[in-house]
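For reference, the chains in residue letters:
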Amino acid sequence: MRIFASLLKNTNPKIEYYSRFSPSPLSIKQFLDFGRDNACEKTSYMFLRKELPVRLANTMREVNLLPDNLLSQPSVRLVQKWYMQSFVELLDYENRKPEDPHALNDFLELLIEIRNRHNDVVPTVAQGVIEYKEKFGFDPFISSNIQYFLDRFYTNRISFRMLINQHTLLFGNDTNPALPKHIGSIDPTCSVAEVVSDAYDTAKMLCEKYYLAAPELKIEEFNMKAPNKPIQVVYVPSHLFHMLFELFKNSMRATVELHENSKEGLPPVKAKVTLGKEDLSVKISDRGGGVPLRKIDRLFNYMYSTAPTPSLEPGIVPLAGFGYGLPISRLYARYFQGDLKLYSMEGVGTDAVIYLKALSSESFERLPVFNKSAWRHYKTSPEADDWSNPSKEPRDASKSTYKANR
């Protein structure tokens, strides 16, 4: 711990320095053009050796604004240590010229090490939140701050991995021979219906494992730009798969649990893919009974998870059970200026819609920036609600001390 404390003291000025810079958001088109037309490892190296520390520093400054009781949890401290170590290692390349015969290869290997080190960040932070809740309970104001922070923290992580993956896939030995058309992690002709089917098949296997049954899938496509042609988009298939897999899991579970004893069998889950001038949309519809309006927002809240607390054993890191699937799926959608929304009718079912930008030139990274506005969010006390709240018991107006002036 003393070594880490000394490291922290020496590194803090650098964190403060790099956090003064805003991250530089890139569009999918920029990622694509660089990887396809003029992929230069030296250029990527020169950009990443500055950009990665900037993105790390921005999120590390924000971590320190969290409540002390949360920062003191072992899991949160472990994640802080990972981030500090990665930041310090990246600083070694701050002034190392790309002409150094070993610089590019050493940097590539470091990026792979950092990516592996950060593999378990999501569930480890989730464990820290659970540790905090078990010790200190639930506070609405702190919960609001944690929600704000985790949305930004996990978005930062998605962007960090995107940059690392592009570099290692373009210039390392990570290239998948089964995906020769991919530019890094981006598919220039991503077939949306194929990703929908792949996500469904994976969720179906999981559903059949637990329930011994799974609803069928029906897919429809509406291509406004090129009628009767399959819909393709320039996108990161792994991001789309992540979102769809989560939505299918939820739809299948709700459908099976509601209709498992029905004589009519299980109603199908329906997927509708549409492409317009601005948006590419994917709607997943089920007949799983729906969710009350009161609970919709909670489905995206990290602090409201009703799932049983999973155990974090070394080497075994479960993501299922933390209740983070939907909120993180929404972050993936928003990362390139899209969104994920739920529309539910209690008693019937739920429609989940993923919105993506139809044009890669408009799909810019949406990145959190550490600045005064972010700082104020953590420091400002909650104001009194300026809308009436329903009381548990009807008020007896005859006993009211208020009398109208006549």
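Just so it is clear, the structure is predicted and the values come from calculations on it, not from any experiment.

The next subject is the overall build of the protein chain. Regarding its fold elements, the protein chain presents 13 helices and seven strands. Within the protein chain, buried positions represent 46% of all 406 residues.

In this section: the nonpolar core. Ranked by size, the top nonpolar core spans 102 residues in total, and within it Tyr-154, Leu-244 and Phe-248 carry the most contacts. Ranked by residues supplied to this core, first place goes to helix α8 (residues 140-171) with 10 residues. Leave out the neighbours within four places in its chain, and Tyr-154 touches Val-122, Val-125, Ala-126, Tyr-302, Tyr-324, Ile-328 and Leu-331.

Position of Gln-73 among the secondary structure elements: in the loop between α4 (68-71) and α5 (74-91). Given the relative accessible area of 1%, Gln-73 is considered buried. When near neighbours in sequence (up to four residues on either side) are disregarded, Gln-73 contacts Gly-128, Glu-131, Tyr-132, Lys-135 and Phe-136.

Moving on, we come to helix α3 (residues 41-63). For α3, built from 23 residues, the straight-helix expectation of 33 Å at 1.5 Å per residue is met to within 8% by its first-to-last C-alpha distance of 32 Å. Considering bend angle alone, the principal kink of α3 is centred on Leu-48 and spans about 30°.

The next subject is the packing of α8 against helix α12 (residues 325-335). Two elements in contact, α8 and α12, have axes whose closest approach is 10 Å; the angle formed by their N-to-C orientations is 60°. For the element pair α8 / α12, the angle class is oblique. Note on packing geometry: the crossing formed by α8 with α12 is right-handed. Here Gln-147, Leu-150, Asp-151, Tyr-154, Thr-155, Ile-158, Ser-159 and Met-162 of α8 lie close against α12, whose contacting residues are Ile-328, Arg-330, Leu-331, Tyr-332 and Tyr-335. Classifying every residue of the contact of α8 with α12 by side-chain character gives eight nonpolar, three polar and two charged.

Residue position: Leu-56 is located in helix α3. On the accessibility criterion, Leu-56 (0% relative accessible area) is buried. Measuring from C-alpha to C-alpha, the distance between Leu-56 and Met-84 comes to 8.7 Å, with 28 residues separating the pair along the chain. When sequence neighbours within four positions are dropped, the list of residues in contact with Leu-56 reads Tyr-83, Ser-86, Phe-87, Leu-90 and Phe-160.

This part is about the sheet that holds strand β2 (residues 217-223). Spatially, β2-β4-β5-β7-β6 is the arrangement adopted by the five strands of the open sheet, whose pairing is mixed. Edge positions in the sheet fall to β2 and β6 (339-345), since each has one partner strand and no second. Each strand axis lies, on average, 15° off the axis of its neighbour in the sheet, ignoring direction. Pairing of strand β4 (residues 269-275) with strand β5 (residues 279-285), which is carried by six bridges, proceeds in the antiparallel orientation. Across the sheet, Lys-272 pairs through a bridge with Lys-283, a residue of β5. Most of the contacts of helix α10 (residues 237-259) go to strand β7 (residues 349-357), to which it runs at about 175°, and overall it touches β2, β4, β5, β6 and β7. Against the sheet, α12 makes contact with β6 and β7, and its axis sits at roughly 130° relative to β6, the strand it touches most.

Another aspect to go through is the packing of aromatic side chains. Under the counting rule described, the total for this entry stands at 18 aromatic pairs. Lying across the ring of Phe-300, Arg-330 places its NZ or CZ 4.1 Å from the centre.

Among the five residues of strand β1 (residues 187-191), four are classified as buried, and the element is accordingly described as predominantly covered. Relative to strand β3 (residues 232-235), β1 is paired through three bridges, and the arrangement is antiparallel. Residue pairing for β3: Cys-190 is matched across the bridge by Val-233.

In this fold, Tyr-235 is placed in strand β3. Sequence spacing of Tyr-235 and Pro-188 is 47 residues, and the spatial spacing of their C-alpha atoms is 6.7 Å. The residues touching Tyr-235, leaving out its near neighbours within four places in the chain, are Ile-28, Ser-185, Ile-186, Asp-187, Leu-240, Met-243, Tyr-332, Phe-336 and Leu-356.

What follows concerns the environment of Lys-341. Note on placement: Lys-341 falls in strand β6. With a relative accessible area of 37%, Lys-341 lands in the partly exposed category. Taking the C-alpha atoms as reference, Lys-341 lies 8.4 Å from Asp-351; in sequence the two are 10 residues apart. Not counting the four nearest positions on each side in its chain, Lys-341 is found in contact with Asp-351, Ala-352, Val-353 and Tyr-355.

A word on the pattern of salt bridges. Under the counting rule described, the total for this entry stands at 13 salt bridges. A salt bridge links Glu-94 to Lys-14; its shortest N-O distance comes to 3.0 Å. Here Glu-94 is found in the loop between α5 and α6 (103-117), whereas its partner Lys-14 is found in helix α1 (residues 2-19), with 80 residues between them in sequence. According to the relative accessible area criterion, Glu-94 is buried, its value standing at 11%. Residue Lys-14 is classed as partly exposed on the basis of its relative accessible area, which comes to 31%. With a closest N to O distance of 2.8 Å, Asp-33 and Lys-29 form a salt bridge. With a gap of four residues between them, Asp-33 and Lys-29 both fall in helix α2 (residues 28-37), about one helical turn apart. By sharing partners, the salt bridges in this structure join Glu-51, Arg-55 and Glu-365 into a single network.

About the cut-offs
- Residues numbered from 1 in each chain as written.
- Predicted model: local features only at pLDDT ≥ 70, side-chain atom pairs only at ≥ 80, totals over all residues.
- Heavy atoms only, no water.
- Helix = DSSP H or I, 4+ residues; strand = E, 2+ residues; numbered from the N terminus.
- Buried < 20%, exposed > 50% of the residue type's maximum accessible area, 1.4 Å probe, protein only.
- Core = buried A, V, L, I, M, F, W, Y, C linked by side-chain atoms within 4.5 Å.
- Contact = heavy atoms within 4.5 Å.
- Expected span 1.5 Å × (residues − 1).
- Bend = angle between axes of the 7 residues up to and from the residue.
- Axes fitted to C-alpha atoms, helices over the stretch in contact; angles between N-to-C directions.
- Parallel < 35°, antiparallel > 145°, perpendicular 65-115°, else oblique.
- Left-handed = near helix turned anticlockwise from the far one by under 90°.
- Nonpolar A, V, L, I, M, F, W, Y, C, P; charged D, E, K, R; others polar.
- Pairing = 2+ DSSP bridges.
- Phe/Tyr/Trp six-rings, centres within 6.5 Å; stacked < 30°, edge-to-face > 60°.
- Lys NZ or Arg CZ within 6 Å of the ring centre and 35° of its normal.
- Salt bridge = Lys/Arg side-chain N within 4 Å of Asp/Glu carboxyl O.

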